[in-house]
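# Survey of secondary and tertiary structure
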Amino acid sequence: MEIQDNIQWHPAFCSAVELELREYKKYLTYEREHNLGRMPLKIDLLIIKKRRDVIIKNDIADFFLGNNILEYKSPGDDVNAGTFYKALSYACLYKAEAGAADIFDTDTTVSIVREEKPVKLLTQLGEKYSVTKKKAGIYRIDGMIFPMQVLVTKELARESHVWITSLTRTLSRDDARELLDNCAELGSDEDRRNADSVVNVASEANVELFKKMIQEGDQMCEELKELLAPEIVEFKIRLAEQNAKLADKDALLADKDAKLADKDAKLADKDALLADKDAKLADKDALLANNAAEITKLKKLLAEAGIKE
């Protein structure tokens, strides 16, 4: 079952991949949500490698060919046999539209990307194909018509893949600082826009962490504040306003408490007076009752003596 949320994971994933491979940007063309024909089918990310002789020294992309299809699943989404067939069908449809002349000259790779390891899927694929763990989080499947890999972002080496591994709901404070530090090192506007997309999603998915960092005055340079998600920046403004309002509210509550305490004291005095009055009334009632008893007794004695009232 897929978890429904409003976080825009897919655009951030595309931005993260571009940042992962930014050293090779002049050799790569990125097509986000590449349409397949007239059908409502879209490839999450298509990366076209413009020169075959360029070797990408990044372990998640060193097996790239001319056309590279990436199917990304948001945290919490399922990855199963259906996901596998859908990604494979994208590659087949893409090649069919390209009018491939040689069935074995695919020049296309397929990558399925997910945070958690799809153990069942990899086990099923291992029954027919060769599944090799190239590095932590990188599982290559050989023997198919298309070279294929499954990327488990939770297992990837964070120091090498800070962008893609930041797309999670479980960032630590150190992870967040590392992400922001990497943002500060970016030079081009394009890279900064991609970083903005990643930070937006990371901060939205880990909003309590970022709120806590802001509340505690965590040191972040001015440049990084511009990269923070708008809702986080807005939160910081709201937080200051809220703190001022809370201070005013606390003052009002303190004043109200003082007035209530004074009122309680007056009520306590009033209750004491009422208790004293009740005691006096009780004594009076007792005296009246005693007098009534005496009168009744006297009337009886008079009646017995034959004396009329």
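Summary of the structure given here.

### Notes on the pattern of salt bridges
- All chains considered together, the criterion is met by 14 salt bridges.
- One salt bridge in this structure joins Glu 71 and Lys 86, with 3.3 Å as the shortest N-O distance. Separated by 15 residues along the polypeptide, Glu 71 in strand E3 (residues 67–72) and Lys 86 in helix H2 (residues 81–98) bring together distant segments of the chain.
- Looking at Lys 86, the relative accessible area reads 33%, which means it is partly exposed.
- Among the charged side chains, a network of salt bridges with common partners joins Lys 25, Glu 190 and Asp 191.

### Details of the sheet that holds strand E2 (residues 42–49)
- Across the sheet, which stays open at both edges, the seven strands sit in the order E1-E2-E3-E4-E7-E6-E5 with mixed pairing between neighbours. In the strand order of this sheet, the two ends are held by strand E1 (28–35) and strand E5 (130–135), each with one partner. On average, adjacent strands in this sheet sit at an angle of 25 degrees to one another, irrespective of strand direction.
- Two strands pair when backbone bridges link them, and E1 and E2 are joined in this way by seven bridges, in the antiparallel orientation. Considered in E2, the bridge of Asn 35 is made with Lys 42.
- Running over the sheet, helix H3 (residues 119–126) touches E5, strand E6 (138–142) and strand E7 (148–152) and is turned about 125 degrees from E5.

### Quick look at the packing of helix H5 (residues 173–184) against helix H7 (residues 207–215)
- At a minimum axis distance of 10 Å, the contact between H5 and H7 shows a crossing angle of 80 degrees. With respect to H7, the element H5 is oriented roughly perpendicular. Of the residues in H7, those touching H5 at Arg 173, Ala 176 and Arg 177 are Leu 209, Phe 210, Lys 212 and Met 213.
- Here the contact of H5 with H7 is composed, by residue class, of four nonpolar, no polar and three charged.

### What to know about the nonpolar core
- Membership of the largest hydrophobic core comes to 46 residues, with the highest contact counts inside it found for Phe 13, Leu 21, Ile 47, Trp 163 and Leu 167.
- Elements represented by at least two residues in this core include exactly helix H1 (9–20), E1, E2, E3, helix H4 (162–165), H5, helix H6 (189–205) and H7.
- Leaving out residues up to four positions away in the same chain, Ile 47 has contacts with Val 17, Leu 21, Leu 28, Thr 29, Tyr 30, Phe 64, Gly 66, Asn 67, Asn 68 and Leu 70.
- Ile 43, Ile 112, Leu 121 and Val 150 belong to the second largest nonpolar core, which has 22 residues in total.

### Observations regarding the side chain of Lys 49
- You can see Lys 49 is positioned in strand E2.
- Although buried, Lys 49 forms no salt bridge, and the nearest oppositely charged side chain, Asp 53, lies 7.4 Å from it.
- Within the local environment of Lys 49, its side chain forms a polar contact with the backbone oxygen of Val 54, the two atoms lying 2.7 Å apart.
- Setting aside chain neighbours within four positions, we find Lys 49 in contact with Tyr 27, Leu 28, Val 54, Phe 64, Leu 65, Gly 66 and Asn 68.

### Thoughts on the pairing of strand E4 (residues 108–114)
- Within E4, seven of the seven residues are buried, which leaves the element mostly enclosed by the surrounding structure.
- Across six bridges, the pairing between E3 and E4 is parallel. Looking at E4, one finds that Asn 68 is bridged to Thr 109.
- Where E4 and E7 come together, five bridges link them in parallel fashion. For Val 110, the partnering residue across the bridge sits in E7 and is Met 148.

### Focus on the pairing of E7
- E7 sits mainly inside the fold: five of its five residues count as buried.
- Residues Met 148, Val 150 and Val 152 point to one face of E7 and Gln 149 and Leu 151 to the other, with burial holding for every one of them.
- Taken together, the four bridges between E6 and E7 define a ladder with antiparallel strand orientation. Bridge pairing in E7 links Ile 138 to Leu 151.
- Hairpin geometry of E6 and E7 is characterised by an intervening segment of five residues between the two adjacent antiparallel strands and by a positive phi of about 105 degrees at Gly 143.

Reading the values: rules and limits
- Residues numbered from 1 in each chain as written.
- Predicted model: local features only at pLDDT ≥ 70, side-chain atom pairs only at ≥ 80, totals over all residues.
- Heavy atoms only, no water.
- Salt bridge = Lys/Arg side-chain N within 4 Å of Asp/Glu carboxyl O.
- Helix = DSSP H or I, 4+ residues; strand = E, 2+ residues; numbered from the N terminus.
- Buried < 20%, exposed > 50% of the residue type's maximum accessible area, 1.4 Å probe, protein only.
- Pairing = 2+ DSSP bridges.
- Axes fitted to C-alpha atoms, helices over the stretch in contact; angles between N-to-C directions.
- Contact = heavy atoms within 4.5 Å.
- Parallel < 35°, antiparallel > 145°, perpendicular 65-115°, else oblique.
- Nonpolar A, V, L, I, M, F, W, Y, C, P; charged D, E, K, R; others polar.
- Core = buried A, V, L, I, M, F, W, Y, C linked by side-chain atoms within 4.5 Å.
- Lys, Arg positive; Asp, Glu negative; His and termini not counted.
- Polar contact = N/O pair within 3.5 Å; in protein donor to acceptor, adjacent residues only side chain to side chain.

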